[in-house]
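# An overview of the molecular structure
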Amino acid sequence: MRENMFIYRDILLNGMVYDKQAYERRKQKLGPDEMRARWREYRRSNSSEDYREKARVRGRKWRKLQLEINPNFKEYQNKQHRDKAKEKRYECIKHYSKGKMNCNCCSEHMYMFLEIDHKNDNGNKHRESIPNMNIYRWLINNNFPEEYQVLCSNCNKGKHFNGGICPHQDSDEGKPGTYA
Ligand SMILES: [Zn+2]
Ligand SMILES: [Zn+2]
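Cut-off values and rules
Residues numbered from 1 in each chain as written. Chains lettered and ligands numbered in written order. Predicted model: local features only at pLDDT ≥ 70, side-chain atom pairs only at ≥ 80, totals over all residues. Helix = DSSP H or I, 4+ residues; strand = E, 2+ residues; numbered from the N terminus. Buried ≥ 20, exposed ≤ 12 C-beta atoms within 10 Å, placed from the backbone. Contact = placed C-beta atoms within 7 Å. Core = buried A, V, L, I, M, F, W, Y, C linked by C-beta atoms within 7 Å. Expected span 1.5 Å × (residues − 1). Bend = angle between axes of the 7 residues up to and from the residue. Arc of directions from axis to C-beta. Pairing = 2+ DSSP bridges. pLDDT = per-residue confidence, 0-100.

### A word on the overall build of the protein chain
From N to C terminus, the protein chain includes eight helices and two strands. Reading the secondary structure of the protein chain in the N-to-C direction produces α-α-α-α-β-α-α-β-α-α. By the burial criterion, 11% of the 180 residues in the protein chain qualify as buried. Intrachain contacts of the protein chain at a sequence separation of at least 6 include 61% that bridge at least 24 residues.

What follows is the structure, encoded as structure tokens:
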């Protein structure tokens, strides 16, 4: 058991590895049809909710143990979470800007400035209703609901202060010197 954990740790530190030779030997012995059948069976038996729950429990246990024995695990885990979050943000901005990666109002294209905006409210109300889950994950899990758009942080703030419409779109308010 303990030994297994150190093998896992090595895999973790050195990237995913698998025994290619053993795999090839097994493939030769079983033949391609049998390999395919086994793979199919593996996927079928692992797709049930029951199995997935067991896998979740196993994963939780394994991560807990890693935290104890592997000094680099925390950093590894944080990086994984950061990368995932970045990916999700990118996916959402891309979807809601229809691939153009810019602000729907002023065409600002600096990626760091882009945000997701709820078209019909100021955003605060909505974020309260999805606790413990970031907006990007929520949008993806809900299949990209239509009432969202990409705005830059300027247009987003402007819209918020201007009662729901960006000053850019509001000809009087948009003029310099209008705000006291
Ligand atoms: Zn803008
Ligand atoms: Zn604007």
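Read on for the rest.
### Side note on the nonpolar core
A general trend in soluble globular proteins is that nonpolar side chains are found buried together. Of all hydrophobic cores here, the largest spans twelve residues; its members are Cys92, Tyr96, Cys103, Cys105, Leu114, Ile116, Leu139, Val150, Leu151, Cys152, Cys155 and Cys166. Residue assignment for this core shows that the elements contributing at least two residues are helix 4 (73-96), strand 1 (114-118) and strand 2 (148-152). Among the elements that make up this core, the one with the highest residue count is strand 2 (three residues). If we skip the residues at most four places from it in the chain, Cys92 touches Ile116, Tyr136, Leu139 and Ile140.

### A few points about helix 2 (residues 20-45)
With 26 residues, helix 2 should reach 38 Å at 1.5 Å per residue; the first-to-last C-alpha distance of 24 Å falls well below that figure. The sharpest bend along helix 2 measures roughly 105° and falls at Gly31, with the proline Pro32 sitting one to four residues further on.

### Overview of unusual backbone geometry
We note that Lys98 has phi near 55°; this positive angle belongs to a residue other than glycine. Along the chain, the position of Lys98 falls in the loop between helix 4 and strand 1. Look at Phe144: it is not a glycine, yet its phi comes out positive at around 50°.

### A few points about helix 7 (residues 153-161)
Each α-helix winds once per 3.6 residues, and so residues spaced three or four apart point in a common direction. Buried within helix 7 we find Cys155, Asn156, Gly158 and Lys159. Each buried residue of helix 7 sits inside an arc of 165° when the element is viewed along its axis, so together they form one side. The inward-facing, buried residues of helix 7 contact strand 1 and strand 2. Of the residues trailing helix 7, Gly163 is marked for its positive phi of about 70°.

### Some words on the environment of Glu91
With respect to the helices, strands and loops of the structure, Glu91 is situated in helix 4. The spatial distance from the C-alpha of Glu91 to the C-alpha of Leu139 is 9.9 Å, given a sequence separation of 48 residues.

### Focus: the pairing of strand 1
Summarising burial for strand 1: four of the five residues are buried, a large majority. Across five bridges, the pairing between strand 1 and strand 2 is antiparallel. Counterpart to Glu115 in the pairing with strand 2 is Leu151.

### A word on the environment of Glu87
Within the secondary structure layout, Glu87 lies in helix 4. Taking the C-alpha atoms as reference, Glu87 lies 9.4 Å from Tyr136; in sequence the two are 49 residues apart.

### Here's the deal with the confidence of the model for the protein chain
Overall, the prediction assigns the protein chain a mean pLDDT of 81, with 77% of residues at 70 or greater. Throughout residues 13-17 the model reports pLDDT below 50, and contacts reaching past four residues in sequence, or to other chains, amount to three contacts.

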